[in-house]
Amino acid sequence: MKVLVTGGMGYIGSHTCIQMLAAGIEPIIVDNLCNSKLAVLDRIEALTKVRPAFYQGDIRDEAFLNQVFSEHEIQSVIHFAGLKAVGESVAKPLEYYDNNVNGSLVLMRAMRNAGVKSIVFSSSATVYGDPSSVPITEDSPVGETTNPYGRSKFMVESCLSDFYAAEQDWSITLLRYFNPVGAHPSGTLGEDPQGPPNNLMPFIAQVAVGRRDTLSVFGDDYPTPDGTGVRDYIHVMDLADGHVAALHKVAQQSGLHTFNLGTGNGTSVIQMIDAFVQASGQQIPYQICPRRPGDIAECWASTDKAEQQLGWKATRDVKQMAADTWHWQSNNPQGY
Ligand code: NAD
Ligand code: WQD
């Protein structure tokens, strides 16, 4: 099976390509490299002995996408490409809506031109906003998002759902990721944020490796056991396996399929720091700071639906997430 992977050079896309190749699925990568490096392709090749077809270009360029579709018998698309920094989306809403919403619409048009009717979309737990209860099921309310990034994900979900209502021979899968962390166990592929990391795990890793002095812990007065924010961190290799499961189980069946991809477990900021100290043997100096605007106290996934319908369940724990992140960061202190 050949699968077009938009954003396949990025953090989650690159790990997913590895797991696809291991499962005998051929990725065809499209990426404009706005947030990734060509070196990723070399690393994928070193790990798998396969150099996937790679096209450098933008998903908003329909003629470019038509050309890629014309060169391969593509059965499905996994759509990772997009911008993902919450704070930046507040400062640059036009860029975020253009990349994430318009980019997805152009991609859908190119798919329709090519007669490819199966898409797996990278959505986010951010569509649930501040949940009224946990664990969050796929039926929990969506749409009360607090920033342009989150709204762009909700808009794409809405567009895809409207599209499915009109064209029911399509297979549309919405995967709502919780908090992806970790790295390939080889230590050769991982997350490589440009500039100061926005997310907790890469920030901790850069403090541990000496690139940054201190971690700011955003709030210790949440109604959680230790007062710091609680999230459902999921190892990127588990997430990658979740995509392979979606390709096998639902991407060839018409329908609008929605799944949470999380572990079902909550971990606080302090617990994650402790796990990283254990895994790395490094100190992680931190200071308690005010809450970050827009943050919620806690969220974690109900994993029942993915387990039942995809036959997929995350298996790697927080210890493994910290160990693999450290392996990657200590081997690649400056990233790729
Ligand atoms: P990433 O930035 O590492 O990967 C995205 C890739 O898309 C990059 O390689 C980038 O160069 C490429 N890209 C961006 N705009 C493009 C365009 N217009 N045309 C072609 N390529 C383009 O991000 P990631 O962490 O791997 O996230 C992948 C997807 O998962 C994104 O859609 C993101 O919103 C979503 N997601 C991520 C997280 C997370 O915490 N990492 C959580 C939930 C959802
Ligand atoms: C986790 C916890 C912070 C950084 C974001 C997006 C979400 C999704 C995943 C894409 C929170 C705390 C963080 C730091 C800290 N992305 N923290 N110091 O906010 O749950 O989710 O990434 O879809 O849409 O919003 O993840 O890693 O930023 O924060 O104390 O330097 O760590 O307050 O409690 P978040 P995160």
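Overview of the structure. (Residues numbered from 1 in each chain as written. Chains lettered and ligands numbered in written order. Predicted model: local features only at pLDDT ≥ 70, side-chain atom pairs only at ≥ 80, totals over all residues. Heavy atoms only, no water.)

Note that Ser14 resides in helix H1 (residues 11-22). For Ser14, a relative accessible area of 1% gives the class buried. Look past the residues within four positions of Ser14 in its chain and what remains in contact with it is Gly8, Met9, Val40, Ile44 and Leu189. (Helix = DSSP H or I, 4+ residues; strand = E, 2+ residues; numbered from the N terminus. Buried < 20%, exposed > 50% of the residue type's maximum accessible area, 1.4 Å probe, protein only. Contact = heavy atoms within 4.5 Å.)

Okay, the site of ligand 2 next. The local shell around ligand 2 holds 18 residues, among which Tyr149, Leu200, Ser216, Arg231 and Asp295 are the closest. Contact distances for ligand 2 include 2.5 Å between an oxygen atom and a side-chain N or O atom of Tyr149. In the environment of ligand 2, an oxygen atom lies 2.6 Å from a nitrogen or oxygen atom belonging to the side chain of Asp295. Its free accessible area being 680 Å², ligand 2 has 86% of it covered by the protein chains. Here the element with the most residues in the shell around ligand 2 is strand S8 (residues 215-218); it accounts for four residues. Within the shell around ligand 2, the residues separate by chemical class into eight nonpolar, seven polar and three charged. (Near = heavy atom within 4 Å. Polar contact = N/O pair within 3.5 Å; in protein donor to acceptor, adjacent residues only side chain to side chain. Areas by Shrake-Rupley, 256 points an atom, 1.4 Å probe, with all protein chains shown as cover. Nonpolar A, V, L, I, M, F, W, Y, C, P; charged D, E, K, R; others polar.)

The full count for this structure, using the stated rule, is 16 salt bridges. The residue Arg109 makes a salt bridge to Glu62 at a minimum N-O spacing of 2.9 Å. One end of the pair, Arg109, is in helix H5 (residues 93-114); the other, Glu62, is in helix H3 (residues 62-71), and 47 residues separate them in sequence. Here Glu62 falls in the partly exposed class, since its relative accessible area comes to 23%. The shortest N-O distance in the salt bridge between Glu88 and Lys92 comes to 3.9 Å. Several salt bridges converge on common partners, so that one network encompasses Asp42, Glu45 and Arg51. (Salt bridge = Lys/Arg side-chain N within 4 Å of Asp/Glu carboxyl O.)

What follows covers the nonpolar core. With 36 residues, the main nonpolar core has Met20, Leu247, Leu310 and Trp312 as its most contacted residues. Elements represented by at least two residues in this core include exactly strand S1 (2-6), H1, helix H2 (39-48), strand S6 (171-177), helix H8 (236-249), strand S11 (255-261) and helix H10 (304-310). With sequence-adjacent residues up to four places away left out, Met20 is seen in contact with Val3, Val5, Ile25, Pro27, Ile78, Val244 and Leu247. Tyr55, Val77, Val156 and Trp170 belong to the second-largest nonpolar core, a separate cluster that totals 28 residues. (Core = buried A, V, L, I, M, F, W, Y, C linked by side-chain atoms within 4.5 Å.)

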